[in-house]
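Architecture and fold: a report
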Amino acid sequence: MEFLRNSSLWSLQILLLGVFVFVSNNGGVDASHKVYMHLQSTSSNVKNVHRTGYHFQPPKNWINDPNGPMYYNGVYHLFYQYNPKGAVWGNIVWAHSVSTDLINWIPLEPAIYPSKIFDKFGTWSGSATILPGNKPIILYTGIIDANRTQVQNYAIPANLSDPYLRKWIKPDNNPLIVADMSINKTQFRDPTTAWMGRDGHWRILVGSVKNHRGKVILYRSKDFMKWTKAKHPLHTATNTGNWECPDFFPVSLKHTNGLDTSYRGEYTKHVLKVSLDVTRFEYYTVGTYDTRKDRYIPDNTSVDGWKGLRLDYGNYYASKSFFDPSKNRRIMLGWANESDTVDDDVRKGWAGVHPIPRKLWLDPSGKQLVQWPVEELETLRKKKVQLSNHKLYKGEMIEVKGITVAQADVEVTFSFASLDKAEPFDPSWADLYAQDVCAIKGSTVQGGRGPFGLITLASKNLEEYTLVFFRVFKAQDKYKVLMCSDASRSTLKNETTMYKPSFGGYVDVDLADKKLSLRSLIDNSVVESFGAGGKTCITSRVYPTLAIFDKAHLFAFNNGTEAITIETLNAWSMADAKLH
C-alpha cells in the first residue's frame, strides 16, 4: 500500500456550510407525496454514474421505504415502495426481492399493487408478522379515494410451498381497520409488526397525528381479523407532527442478540422508533413497556421529538426492523433518498437506495442503540490494504492507495496521547443541533483534538471531497465528541437546489483509552459511516463530477493542532452485489 504525505494540498479549501435546513429539495417531495404527472413514464436510459455497487437499488426508477422485511424458511424477504413507471414518487407498488444473505438479491414480481376498492389509490407501507403455524401475513396501508383516505389491509401468500412466496392474495374482507371519527384519516398509516400480549391477543401500532401531536394508535385483536382500538395511544408527544413508519420492539439488557417482537422475558427494555414527517429524520426512545396498562414510558435519558436520539444523523428515513431467528439478531433496514434535483433523477433514470442492513442492539449503558453493518457484507471485501502506527501532525493527510476507493469499506482507529488540548465546548451550542455545530466548527477550523478523520470521494487536487471526521471538546467535567459528515464540497455541480449539508451527531463514548474508531462504507454516491463501533451513524448522498470511478481518491487527515496516530487502518475494495 502506498501512502502520500502531503500537507500543501490541504490549503484550507473546505468551506463552512450555512444554516442548517430541515428538508432537502427531494425531502419535500417525499414528505408531501407529490405526484409529477408529466414525469410518470418508464425510462430505459439509465445513467450508471453515481449508481451504487453494493447498496440495494433496483435497476431503474424510484424506490423508497423498505416494507415488511422478514425471514421465512431460510429466505430473507425485502418488500419496498417502488414506482415501476418512473424515477419520481408515484404509482407505488410493493416490489419484492429475496436473498439468503441480505446482500445479494433476486428480484421478483410485485407482491402487492393497487387493484381493489380498498387500495385503488395506493398501496403504502406496512409490516410482516409470522403467525402461529409458520404463516406469514402482511399488514399495509391502502389509499381508498382521491382524498387519500387511509385504511389498514392485509395480504397472505397464495402458496406457502413456494420458497419465494411470489404471489400474494388480498382477501375481500379488507380493510381490517378503518379510522374512527377521532382520527385524521389522511394521516393514518404504516402498521407495525404485530406482537402477542400476555392476554393472548395481538397488538399493532398505526402512526398518526392530531393537532401537531404525534401518536401511535394501539389496536388489539384475538384472531388477527377483528381489531379494536385501545382507549388511549401506546405513546404520544406534543409538537412533533405526523409519526410515520413506527417501529416497536424489545431489546436485551444482557446481550447483543435480538429478541422476537413478542418476547416477554426479564432484563429487557423497549424501543419506540418513529419517522418524523416534518424533519424527515428517524427518532427513537428507549423505555419501559407497561404490559398491564399498554403504555410505553420513555426513560428520563430519552426525549421525544427533534432533540431526541436518531438512528442515523444523515440521509436515512422510513426504517423498518425485523427479528432474524436464524442468527438471533434484530436487523434494521432504511432508505436514503437522492439529494440532487428531481430533474437530475429523471435524467439518471433512478432515485433512492437502501443503506446496508444493520444489526442493532442496546448499548451496555442502556441509553441508546448500537448499529453495525451485517456481517455478510464482508463477503464482498476483495483487495485489502492496511496501515498501522502512523502519526499525522497538524495539517497533514495521507493517501490510501492500492484499492478501488470509490467503492470501498474502510475501518480506522485513531489514538491520541492526551486530551489536555481539547478545545472548550461553547455553552451557547447546547441548544443547537449537532449538525449546526458541524457547520460552525467545520474541518478547516483547527481545534486541539481534531478535526481528524477521512476524506472520501476526493478529486486529485481536492476540488471535490466528502469528509467524515471527529472533534473532541471539553465540556465542564466531561468530554464531548462530535462526528460530522460534510458534503458541502462534495461536487462541482452548481445547482443551488443541491442539498449538501454537513450532517452531524454527538458520540456518547468513554475516551479513557484515548481512541476513536470510524468505519465508512463508500459506494459511488453513498458515504455511510459508523462512529465508535456504531454508536453514531451518518449516511450522506453525494454526486461528485471529478471524483468518480477510478478518478476518486481517499485520504486520512488531521487538522487539529495536536498530533493523532492512525493506530490501525484497514481498507478493502468492494465487489458489486448481485441485485438482479
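For every chain, the first residue of the written sequence is number 1, and numbering continues from 1 onward in sequence order. Given that this is a predicted model, residues contribute local features only at a pLDDT of at least 70 and side-chain atom pairs are listed and counted only at 80 or more, while totals for whole chains, interfaces and linings are drawn from all residues. Based on all heavy atoms of the structure, the side-chain values leave hydrogens and waters out of the count.

Here the focus is the overall build of the chain. Each helix and strand counted, the chain has 3 helices and 38 strands in total. Radius of gyration means the value over C-alpha atoms here, while the globule rule gives 2.2 Å times the residue count to the 0.38 power. A compact globule built from 580 residues would reach a C-alpha radius of gyration of about 25 Å, and the chain, at 23 Å, matches this within 12%. Principal-axis analysis of the C-alpha atoms gives the chain an extent of 70 × 55 × 40 Å. The buried label applies to any residue whose accessible area, calculated with a 1.4 Å probe on protein chains only, is under 20% of its type's maximum; exposed applies above 50%, and partly exposed to all values in between. Here the chain holds 580 residues, and the buried ones make up 62% of them. Contacts were defined at the residue level, with two residues in contact if any of their heavy atoms lie within 4.5 Å. For the chain, restricting intrachain contacts to residue pairs at least 6 apart in sequence, the fraction spanning at least 24 positions comes to 66%. Roughly 21900 Å² of accessible area belongs to the chain as shown, and the carbon and sulfur atoms make up 52% of that amount. Only DSSP runs of H or I covering at least 4 residues are called helices, and only runs of E covering at least 2 are called strands; the numbering of each starts at the N terminus. Residue exposure ignores everything except the shown protein chains as possible cover, and the areas themselves are Shrake-Rupley values with a 1.4 Å probe.

Turning next to the packing of aromatic side chains. For Phe, Tyr and Trp, where Trp contributes only its six-membered ring, two rings pair if their centres lie within 6.5 Å, and the inter-plane angle classes them as stacked under 30 degrees, edge-to-face over 60, or tilted in between. For the coordinates displayed, the defined rule picks out 28 aromatic pairs. Ring geometry for Trp-195 against Phe-248: centres 5.2 Å apart, planes inclined by 55°, an arrangement best described as tilted. With Trp-195 in strand β11 (residues 195-196) and Phe-248 in strand β16 (residues 243-252), this residue pair connects regions lying 53 residues apart in the sequence. Trp-195 gets classed as buried once you look at its relative accessible area, which sits at 3%. Taken together, the ring pairs in this structure connect Phe-56, Tyr-80, Tyr-82 and Trp-105 into an aromatic cluster. Lysine and arginine charges are scored as sitting over a ring when NZ or CZ, respectively, is within 6 Å of the ring centre and within 35 degrees of the ring normal. Directly above the aromatic system of Tyr-267 lies the positively charged group of Lys-254, at a separation of 4.5 Å from the ring centroid. The side chain of Arg-310 reaches across the aromatic face of Phe-281, ending 3.7 Å from its centre.

What follows is about the domain arrangement of the chain. Where a domain begins and ends is set by an automatic assignment or by a domain database. We note that the domain assignment places domain 1 (62-373) and domain 2 (379-574) within the chain. Taken together, the 31 residues of domain 1 in the interface contact 31 residues of domain 2. For the pairing of domain 1 and domain 2, the buried interface totals around 2500 Å² over both sides, and the portion due to carbon and sulfur atoms is 52%. Accessible area that two parts lose when put together, with a 1.4 Å probe and added across both, is what the buried area reports. The largest contributions to the domain 1 side of the interface with domain 2 come from Tyr-313, Ser-339 and Trp-372, which together make up 26% of the buried area. Polar contacts, as counted here, are pairs of nitrogen or oxygen atoms within 3.5 Å of one another; within protein the pair requires one atom able to donate a hydrogen and one able to accept it, and residues that are adjacent in sequence qualify only if both atoms are side-chain atoms. The tally of links between domain 1 and domain 2 comes to 17 residue pairs in polar contact (both at pLDDT 80 or more). With 5 residues, strand β25 (residues 369-373) is the largest single contributor of residues to the side of domain 1 that touches domain 2. Here the nonpolar group is Ala, Val, Leu, Ile, Met, Phe, Trp, Tyr, Cys and Pro; Asp, Glu, Lys and Arg are the charged ones; every other residue, Gly included, is treated as polar. Across the side of domain 1 that touches domain 2, the residue classes tally to 15 nonpolar, 7 polar and 9 charged.

Next up on the list: the sheet that holds strand β3 (residues 93-99). Strands were regarded as paired on the criterion that DSSP finds at least two bridges between them. Ordered by their spatial adjacency, 5 strands build an open sheet running β4-β3-β2-β1-β23, and the pairing between neighbours is mixed. Of all the strands in the sheet, just β4 (106-112) and β23 (350-351) have a single pairing partner and so form its edges. Bridge count for strand β1 (residues 61-72) against β23 is 2 bridges, and the pairing is parallel. Among the inter-strand pairings, Asn-61 is bridged to a residue of β23, identified as Trp-350.

A word on the state of the cysteines. The rule for a disulfide is simple: a pair of cysteine sulfur atoms within 2.5 Å. For the coordinates displayed, the defined rule picks out 1 disulfide. Note that Cys-438 is cross-linked by a disulfide to Cys-484, the S-S spacing being 2.0 Å. Torsion about the S-S bond of the Cys-438 and Cys-484 cystine: about -90°, corresponding to left-handed handedness. Of this pair, Cys-438 sits in helix α3 (residues 434-440) while Cys-484 sits in strand β32 (residues 478-486), and the two are 46 residues apart along the sequence. Note on Cys-484: relative accessible area 0%, which makes it buried. Looking at the unpaired Cys-245, the closest cysteine sulfur is the one in Cys-537, lying at 18 Å. On the basis of relative accessible area, Cys-245 is assigned to the buried category, the value being 4%. Free cysteine Cys-537: the closest other cysteine sulfur is in Cys-438, separated by 15 Å. Exposure remark for Cys-537: the relative accessible area of 1% places this residue in the buried category.

Moving on: the environment of Ile-63. Within the secondary structure layout, Ile-63 lies in strand β1. Under the relative-accessibility criterion, Ile-63 is labelled buried at 0%. As for Ile-63 and Ala-87, which are separated by 24 residues in sequence, their C-alpha atoms are 8.1 Å apart. Among all residues touching Ile-63, those that are not within four sequence positions of it are Phe-56, Pro-58, Tyr-80, Gln-81, Trp-335, Ala-351, Gly-352, Val-353 and His-354.

Moving on to the sheet that holds strand β24 (residues 358-362). As summarised here, the arrangement of the 4 strands in space is β21-β22-β24-β25, forming an open sheet in which the pairing is antiparallel. Only two strands of the sheet have a single partner each, and these edge strands are β21 (317-324) and β25. Taken over all neighbouring pairs, the strand axes of this sheet differ in orientation by 35° on average, direction set aside. Only C-alpha atoms enter the line fits that serve as axes; for helices the fit covers just the stretch in contact. Angles between N-to-C directions range over 0 to 180 degrees.

Of all 6 residues that make up strand β37 (residues 553-558), 6 are buried, and the element is covered over most of its length. Two elements, strand β27 (residues 396-399) and β37, share 4 bridges in a ladder whose sense is antiparallel. Counterpart to Glu-396 in the pairing with β37 is Asn-558. Across 5 bridges, strand β30 (residues 449-458) lies against β37 in antiparallel orientation. Across the sheet, the residue bridging to Phe-452 is Asn-558, located in β37.

This part is about the pattern of salt bridges. What counts as a salt bridge is simple: a side-chain nitrogen of Lys or Arg found within 4 Å of a carboxyl oxygen of Asp or Glu. By the definition in use, this model includes 36 salt bridges. The residue Arg-381 makes a salt bridge to Glu-411 at a minimum N-O spacing of 2.9 Å. One end of the pair, Arg-381, is in strand β26 (residues 381-392); the other, Glu-411, is in strand β28 (residues 407-415), with 30 residues separating them in the sequence. Exposure remark for Arg-381: the relative accessible area of 16% places this residue in the buried category. Bridged by salt links that share partners, the residues Asp-324, Lys-327, Arg-329, Glu-375 and Glu-376 form one connected network.

In this section: the side chain of Thr-123. Mapped onto the secondary structure, Thr-123 falls in strand β5 (residues 122-131). For Thr-123, a relative accessible area of 0% puts it in the buried group. One polar contact links the side chain of Thr-123 to the main-chain carbonyl oxygen of Ile-92, over a distance of 3.0 Å. Once residues within four sequence positions are removed from consideration, Thr-123 is found in contact with Gln-81, Ile-92, Val-93, Trp-94, Ile-112, Tyr-113, Pro-114, Tyr-140 and Thr-141.

We now examine the layout of surface pockets. Computed from the structure, the largest pocket encloses a volume of approximately 1200 Å³. Using protein atoms alone on a 1 Å grid, points that fit a 1.4 Å probe yet trap it form a cavity, whereas open point sets bounded by protein on both sides within 12 Å along at least five of seven lines form a pocket; residues with an atom within 4 Å of a point count as lining. Lining the largest pocket are 36 residues, and of these Leu-309, Lys-478, Lys-480, Tyr-506 and Asp-508 sit closest to its centre. Among the secondary structure elements, those contributing two or more residues to the lining of the largest pocket are β20 (309-310), α3, β32 and β33 (502-507). The residue makeup of the lining of the largest pocket, split by class, is 20 nonpolar, 8 polar and 8 charged. Of the residues that make up the lining of the largest pocket, three or more belong to each of domain 1 (62-373) and domain 2 (379-574). Grid points are joined across faces, edges and corners, and a volume is the space filled by probe spheres set on the points.

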